[in-house]
Amino acid sequence: KEEILKIIEQVKKNGFDERLLKISKNKILFDNLVDLRTSEGYSHLVADSYFLNGYKCLDYNDVLDYFKKVTNEDIINFANKYFQEDKIKFVCMKNG
């Protein structure tokens, strides 16, 4: 728990290493594009867009552009807004 809180505090102050941020964004974009290769992946995209965005479908290019535009400042702002120690709960799950 303490180690995770320490990492969260580092992110809240400094964001991510630019190289790691670029790698992470590319991984998200790649995974989304791979999902579009199957009808199941495409149907999940449509359902997520429909239900998570007020019953309107988004242009997939807009979604990709959104991920491309995420900055370290966005991550710092998000972390400071949502990751507050008194509101974080940790759950340990045993495998098997």
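Residues numbered from 1 in each chain as written. Predicted model: local features only at pLDDT ≥ 70, side-chain atom pairs only at ≥ 80, totals over all residues. Heavy atoms only, no water.

1. Topic: the packing of aromatic side chains
Under the defined criterion, the tally for this structure stands at three aromatic pairs. Ring centres 4.7 Å apart and planes at 45° place the aromatic pair Phe78 and Tyr82 in the tilted group. Placement of the pair is Phe78 and Tyr82 together in helix α5 (residues 72–82), with a separation of four residues, close to one helical turn. Looking at Phe78, the relative accessible area reads 46%, which means it is partly exposed. Judged by relative accessible area, Tyr82 falls into the partly exposed class, the value being 46%. Look at Phe78 and Phe83: their rings are 5.9 Å apart centre to centre, the planes differ by 85°, and that puts the pair in the edge-to-face class. Through a chain of ring-to-ring contacts, three or more aromatic side chains come together here, namely Phe78, Tyr82 and Phe83. (Phe/Tyr/Trp six-rings, centres within 6.5 Å; stacked < 30°, edge-to-face > 60°. Helix = DSSP H or I, 4+ residues; strand = E, 2+ residues; numbered from the N terminus. Buried < 20%, exposed > 50% of the residue type's maximum accessible area, 1.4 Å probe, protein only.)

2. Examining the confidence of the model for the protein chain
Residues of the protein chain with pLDDT of at least 70 account for 91%, and the chain-wide mean is 83. Per-element confidence in the protein chain ranges from a low mean pLDDT of 78 for helix α3 (residues 39–52) to a high of 92 for α5. (pLDDT = per-residue confidence, 0-100.)

3. Thoughts on the nonpolar core
If you look at the biggest cluster of nonpolar residues, it comprises five residues: Val11, Leu21, Val70, Ile75 and Ala79. Those residues in contact with Leu21, other than ones at most four positions away along the chain, are Phe16, Val70, Thr71, Asn72 and Ile75. (Core = buried A, V, L, I, M, F, W, Y, C linked by side-chain atoms within 4.5 Å. Contact = heavy atoms within 4.5 Å.)

4. Observations regarding the packing of helix α1 (residues 2–14) against α5
One way to put it is that α1 packs onto α5 with a least axis distance of 7 Å and a crossing angle of 130°. Our classification of the angle between α1 and α5 gives oblique. For the crossing formed where α1 meets α5, the hand is left-handed. On α5, the residues that touch Val11, Lys12, Lys13 and Asn14 of α1 are Asn72, Ile75, Ile76, Ala79 and Asn80. Of the residues belonging to the contact of α1 with α5, the class tally is four nonpolar, three polar and two charged. (Axes fitted to C-alpha atoms, helices over the stretch in contact; angles between N-to-C directions. Parallel < 35°, antiparallel > 145°, perpendicular 65-115°, else oblique. Left-handed = near helix turned anticlockwise from the far one by under 90°. Nonpolar A, V, L, I, M, F, W, Y, C, P; charged D, E, K, R; others polar.)

5. Some remarks on the pattern of salt bridges
Summed over all chains, the structure comprises two salt bridges. Salt-bridge contacts for Lys12 lead to Glu9; the nearest nitrogen and oxygen are separated by 3.4 Å. Of this pair, Lys12 and Glu9 both sit in helix α1, three residues apart, roughly one helical turn. Across the salt bridge formed by Asp31 and Lys27, the nearest N and O atoms sit 3.0 Å from each other. (Salt bridge = Lys/Arg side-chain N within 4 Å of Asp/Glu carboxyl O.)

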